[in-house]
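# Fold and geometry: a report
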Amino acid sequence: MKGKALFAVGVAVGYVWGSKSWPEVYRRIRGGTEKLWKNPEVQENVHQATEAVQESMPDILDNLYEAGKKLMEKAEAMFPGISTPKTGQNSDSTSSSKPTTPTIKSDVVSDPALDDTTGSDWTGEGGAAPEGPATNTPPKH
């Protein structure tokens, strides 16, 4: 339905812009839409639709809240700890536990950052050696 309405709007806009007498066509279309909008039957339907939305809004919000709770429960089941507060975001302000620093394991066999003294041979890591860069290209002179 939405696609058909958008198509009709596109046809109307194309018709107005494509005609040589577009100001007159625009005035006729605008006059017709204003007459339709001011029709008492249309206004009554608009009023009824507005009331229906306002009456159902609390139920819609409750349903959205419940759906969000269910989604969080499923996410917690799939990813344990996802809803626990992160460091500095304690949900209860009386908690005085210190944030813990995670230990980081090395992800490589040799880590050049562990030996950063001048003259260290990092050629196996792709770094520079005292003789120059660890590349296969000859130095430019």
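Residues numbered from 1 in each chain as written. Predicted model: local features only at pLDDT ≥ 70, side-chain atom pairs only at ≥ 80, totals over all residues. Heavy atoms only, no water.

### Remarks on the pattern of salt bridges
Under the defined criterion, the tally for this structure stands at two salt bridges. For arginine 27, the salt bridge goes to glutamate 24, with nearest N and O atoms at 3.3 Å. Pair noted here: arginine 27 and glutamate 24 are both in helix H2 (residues 22-37), with a separation of three residues, about one helical turn. We classify arginine 27 as exposed; its relative accessible area is 54%. What makes glutamate 24 partly exposed here is its relative accessible area of 41%. Among the salt bridges present, the one from glutamate 34 reaches arginine 30, with a minimum N-O distance of 3.0 Å. Here glutamate 34 and its partner arginine 30 are both found in helix H2, four residues apart, which amounts to about one turn of the helix. Among the residues examined, glutamate 34 registers a relative accessible area of 34% and is labelled partly exposed. On the basis of relative accessible area, arginine 30 is assigned to the partly exposed category, the value being 44%. (Salt bridge = Lys/Arg side-chain N within 4 Å of Asp/Glu carboxyl O. Helix = DSSP H or I, 4+ residues; strand = E, 2+ residues; numbered from the N terminus. Buried < 20%, exposed > 50% of the residue type's maximum accessible area, 1.4 Å probe, protein only.)

Purely geometric numbers; function is a separate question.
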